[in-house]
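Fold and contact review
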Amino acid sequence: METYTPKERLARALTGQTVDRMPAVSFTQTATVEQMDACGSSWPEANEDAQKMATLAEAGHTLVGFEAVRVPFDITAEAEFFGCTIKAGTKEQQPSVVGHIVKDMSDIEKLKEYDIDQGRIAVVCSAIKILADKYGKELPIMGSMLGPFSLAQHMNGDEWFMAIMTDEAFGHALMELTTDFNIAYAKKMAQNGADTMVIIDPTASAELIGDEFYEKFVVPAHKKIVDAMREEGVTTVLHICGDTTSGLNLMESSGVDAISVDQSVDFVTAVGKVNKAVIVGNLDPVNVLWNKTPEVVKEASKKVLDTNSGILAPGCGIVSKTPTKNLQAMVEMAKGHTY
Ligand SMILES: [Zn+2]
């Protein structure tokens, strides 16, 4: 069987083409304290500075063995860009969104003029450029961003879930703002060298809002982003947290290449629920990757690999205190799985 570069292998695996073996990657955040100590670039500085961000992303490849580099590590830069209040992160903890800025239509109007080259999203784009210049020929360059529904929720607060049900015009207006932003941001990442786009939309879950509202508000938004990325030759992976089993067919209807499922989804069931989309996941980041031994990681990896479908990966963002040896156990299992 032909062998591929990691970049070719992942692109093929994400689009359902034959590969020689399993790619060894994480579609969700990769940074850990052990990597920070080894490479000398730590949170929170690595969230703010392009070179530091690239250095820490690189450690996922050089130290852990992931066959890709991926930025950023958190999902707050998008809400921060629009002016939401952010609680600063630490070396072990990611920053979080604590203040919301959109109450009504007039607030949305005020946010429509923006400069994509400003703020921390520009830092992420610069980090992608640094990584693409160094690794772009060989490794997949993964960009990731918070998806439009969760960004709208960051901007509007928890009222958002009620708002889409009681004020459709407002719901659509805010989704249009966030979706247009996501497309502009993702295109910029693609222009800087990203070849794989991970859309992290944790609260855009049919489990939370029901199929009807998911289909109305989320699917068209994701479809626009996926279409824009396809034009750029970029593959797309959609990650939504929680038990997404019943919503998988709706998630797939956006046209995404792959769907990242977490540990609350049964991998085999998920594979059976989709037509074409590649299922990726779903090692438990807490109860397997962080808190257990390499042996347990290998066992859990084997369960996914034995399905002979999809791509083995962490089920959600890697916890910062995760031991390197546990991540290496997953990488080793992936590399050893031939077809
Ligand atoms: Zn998740």
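Residues numbered from 1 in each chain as written. Predicted model: local features only at pLDDT ≥ 70, side-chain atom pairs only at ≥ 80, totals over all residues.

1. Regarding the overall build of the chain
The helix and strand tally for the chain stands at 15 helices and nine strands. Scaling as 2.2 N^0.38, a compact globule of 339 residues should have a C-alpha radius of gyration of about 20 Å, and the chain matches this with 19 Å. Referenced to the eigenvectors of the C-alpha coordinate spread, the extents of the chain come out at roughly 55 × 45 × 35 Å. The buried share of the chain, taken over its 339 residues, is 54%. The long-range fraction of contacts in the chain, counting pairs at least 24 apart against all pairs at least 6 apart in sequence, stands at 71%. (Helix = DSSP H or I, 4+ residues; strand = E, 2+ residues; numbered from the N terminus. Rg over C-alpha atoms; globule rule 2.2 N^0.38 Å. Buried ≥ 20, exposed ≤ 12 C-beta atoms within 10 Å, placed from the backbone. Contact = placed C-beta atoms within 7 Å.)

2. Notes on the packing of helix H9 (residues 168-191) against helix H10 (residues 206-231)
Running from amino to carboxyl end, H9 crosses H10 at an angle of 20°, the nearest separation of the two axes being 9 Å. The angle between H9 and H10 places the two elements in the roughly parallel class. Pair H9 / H10 crosses with right-handed handedness. In this structure, H9 uses Gly171, Met175, Thr179, Asn182, Ile183, Ala186, Lys187 and Ala190 to contact H10, whose residues at the interface are Phe217, Ala221, Lys224, Ile225, Ala228 and Met229. Looking at the contact of H9 with H10 residue by residue, the class counts come to nine nonpolar, three polar and two charged. (Axes fitted to C-alpha atoms, helices over the stretch in contact; angles between N-to-C directions. Parallel < 35°, antiparallel > 145°, perpendicular 65-115°, else oblique. Left-handed = near helix turned anticlockwise from the far one by under 90°. Nonpolar A, V, L, I, M, F, W, Y, C, P; charged D, E, K, R; others polar.)

3. A closer look at the pairing of strand S6 (residues 235-239)
The element S6 is largely enclosed, with a buried count of five among its five residues. Because side chains alternate across S6, one face comprises the buried residues Thr235, Val237 and His239, and the other comprises Thr236 and Leu238, equally buried. Relative to S6, strand S5 (residues 196-200) is paired through five bridges, and the arrangement is parallel. Residue pairing for S6: Thr196 is matched across the bridge by Thr235. (Pairing = 2+ DSSP bridges.)

4. Concerning the nonpolar core
Counting residues in hydrophobic clusters, the biggest one holds 112 residues, and the most contacted among them are Ala127, Ile128, Leu131, Ile141, Ile259 and Met330. Setting aside its immediate chain neighbours within four residues, Ile128 contacts Val71, Ile141, Gly143, Met189, Asn192, Gly193 and Ala194. (Core = buried A, V, L, I, M, F, W, Y, C linked by C-beta atoms within 7 Å.)

5. Observations concerning unusual backbone geometry
For the peptide bond that leads from Trp43 to Pro44, omega is -5°, which places it in the cis range. Counting through the fold element by element, Pro44 comes out in the loop between helix H2 (33-39) and helix H3 (50-64). Here Gly281 and Asn282 are connected by a cis peptide whose omega angle stands at -20°. A positive phi is found at Asn308, a non-glycine position, where the angle reads about 55°.

6. Focus on the sheet that holds strand S4 (residues 141-146)
Sheet architecture is open: seven strands sit in the order S1-S4-S5-S6-S7-S8-S9, paired in parallel fashion. The sheet is open, and its two edges are formed by strand S1 (69-71) and strand S9 (311-314), each paired on a single side. Taking the axes of each pair of neighbouring strands and ignoring which way they run, one obtains an average angle of 25° across the sheet. Here strand S8 (residues 278-283) runs beside S9; their pairing, made up of four bridges, is parallel. The residue of S9 that forms the bridge with Gly281 is Leu312.

7. As for the environment of Val64
Position of Val64 relative to the elements: it lies in helix H3. Separated by 135 residues in the primary sequence, Val64 and Ile199 have C-alpha atoms spaced 23 Å apart. In this view, Val64 contacts Gln35, Thr324, Leu327, Gln328 and Val331; residues no more than four positions away in its chain are not counted.

8. A word on H3
The end-to-end C-alpha distance of H3 is 21 Å, a good match for the 21 Å that 15 residues give at a rise of 1.5 Å each. With twelve of 15 residues buried, H3 is to be regarded as a mostly interior element. Among the residues of H3, those classed as buried are Ala50, Lys52, Met53, Ala54, Thr55, Leu56, Ala57, Glu58, Ala59, Gly60, His61 and Val64. Residues of H3 that are buried in the fold lie against H2, S1, helix H6 (119-135) and helix H15 (324-335). (Expected span 1.5 Å × (residues − 1).)

9. Regarding the packing of helix H14 (residues 294-305) against H15
Two measures define how a pair of helices packs: the angle their axes make with one another and the distance between the axes. The contact between H14 and H15 brings their axes to 8 Å, and the two run at 30°. The two elements H14 and H15 cross, and the hand of that crossing is right-handed. Contact with H14, carried on its side by Pro294, Val297, Lys298, Ser301, Lys302 and Leu305, involves Lys325, Asn326, Ala329, Met330 and Met333 of H15 and no other residues of that element. Class assignment of the residues belonging to the contact of H14 with H15 gives a composition of six nonpolar, two polar and three charged.

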